[in-house]
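# Survey of secondary and tertiary structure
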Amino acid sequence: MELLRNIATYHHEALNGSGYPMGLTGGEIPLEARIIAVADVFDALTSRRPYKSAWNNKEAFAFLRQLAGIKLDLACVEALLSGAAEIEQIQKQFSEDSIG
């Protein structure tokens, strides 16, 4: 339960302290929350929303690289980027429809 609580509570924290709800920095942020933060940003960027079009993976990866080490954990970003081929397979398997 602690793992799930940490994800729900801290996945909007940023390494540089600019996140919320507590303004934690670096290693103060639980690893599981740092992992989910990267996945959450990637999903938000590559998903269509009522207020924006979906970004392609190349654009999203470039943006994640810009945030790596500043707002997002560098090792977590690198781990996601290393699985680019697998990510594309998953996206094809679970492609969005008109609802999302």
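Residues numbered from 1 in each chain as written. Predicted model: local features only at pLDDT ≥ 70, side-chain atom pairs only at ≥ 80, totals over all residues. Heavy atoms only, no water.

### Let's talk about a nonpolar patch on the surface
Threshold: Patches here are clusters of residues that have more than 30% relative accessible area and form no salt bridge, with a 9 Å joining cutoff for like charges and a 5 Å cutoff for nonpolar side chains (Val, Leu, Ile, Met, Phe, Trp, Tyr). Note that accessible areas follow from Shrake-Rupley with a 1.4 Å probe, and for residues the cover is restricted to the protein chains shown. Salt bridge, as applied in this entry: a Lys or Arg side-chain nitrogen positioned within 4 Å of an Asp or Glu carboxyl oxygen. By definition, any uninterrupted DSSP run of H or I lasting at least four residues is a helix, any uninterrupted run of E lasting at least two residues is a strand, and each is numbered from the N terminus.
A grouping of M1, L3 and L4 is seen on the molecular surface, where their side chains present a nonpolar patch of about 390 Å² in accessible area. Checked against the element boundaries, L4 lands in helix α1 (residues 2–10).

### Regarding the pattern of salt bridges
Let me state the cut-off plainly: Think of it in three bands: with a 1.4 Å probe and only protein chains considered, a residue is buried below 20% of the maximum accessible area for its type, exposed above 50%, and partly exposed in between.
Counted under the stated rule, the structure contains two salt bridges. Among the salt bridges present, the one from D73 reaches R34, with a minimum N-O distance of 2.9 Å. Of the two residues, D73 is situated in the loop between α3 (57–67) and α4 (74–82) and R34 in helix α2 (residues 31–46); the sequence distance between them amounts to 39 residues. The class for D73 is buried, based on a relative accessible area of 12%.

### Overview of empty space enclosed by the protein
Over the atoms, a rolled probe matching the size of one water molecule traces out where space is still vacant. Basically, it comes down to this: The method works on a 1 Å grid over the protein atoms by themselves. A cavity is a set of points holding a 1.4 Å probe that cannot get out, a pocket is an open set with protein on both sides within 12 Å along at least five of seven lines, and residues with an atom within 4 Å of a point line them. Grid points are joined across faces, edges and corners, and a volume is the space filled by probe spheres set on the points. Three classes are used, and their members are as follows: Ala, Val, Leu, Ile, Met, Phe, Trp, Tyr, Cys and Pro are nonpolar, Asp, Glu, Lys and Arg are charged, and the others, Gly among them, are polar.
According to the stated counting rule, one finds one cavity of 30 Å³ or more in the structure shown. Within this model, the largest cavity holds a volume of roughly 40 Å³. Looking at the largest cavity, the residues that line it are E13, A14, L15, I29, R34, A37, K71, L72 and D73. Class assignment of the residues belonging to the lining of the largest cavity gives a composition of five nonpolar, no polar and four charged.

### Focus on unusual backbone geometry
Residue Y20 is joined to P21 through a cis peptide bond whose omega torsion reads 20 degrees. Counting through the fold element by element, P21 comes out in the loop between α1 and α2.

### Some details on the side chain of E13
Heads up, the condition is: Each polar contact in these results corresponds to two N or O atoms within 3.5 Å; when the atoms are within protein, one needs to be able to donate a hydrogen and the other to accept it, and residues that are neighboring in sequence are counted only if both atoms are side-chain atoms. In this description, contact between two residues means that some pair of their heavy atoms is separated by no more than 4.5 Å.
Structurally, E13 is set in the loop between α1 and α2. A distance of 2.7 Å separates a polar atom in the side chain of E13 from the backbone nitrogen of M22. The residues touching E13, leaving out its near neighbours within four places in the chain, are G19, Y20, P21, M22, G23, L24, I29 and K71.

### Describing the packing of α1 against α2
This is how it is decided: Each axis is a line fitted through C-alpha atoms, and for a helix only the stretch in contact is used; angles between axes span 0 to 180 degrees, taken between their N-to-C directions. Should an angle fall under 35 degrees it is called roughly parallel, over 145 degrees roughly antiparallel, and 65 to 115 degrees roughly perpendicular, with every other angle called oblique. Take the far helix as your reference; a near helix turned counterclockwise from it by less than a right angle gives a left-handed crossing, and one turned clockwise gives a right-handed crossing.
Between α1 and α2, the shortest axis-to-axis distance is 8 Å and the interhelical angle comes to 50 degrees. Regarding the angle of α1 to α2, the classification is oblique. Judged by the twist between their axes, the crossing of α1 over α2 is right-handed. In this structure, α1 contributes L3, N6, I7 and Y10 to the contact, and α2 contributes E32, A33 and I36. Taken together, the residues of the contact of α1 with α2 break down into five nonpolar, one polar and one charged.

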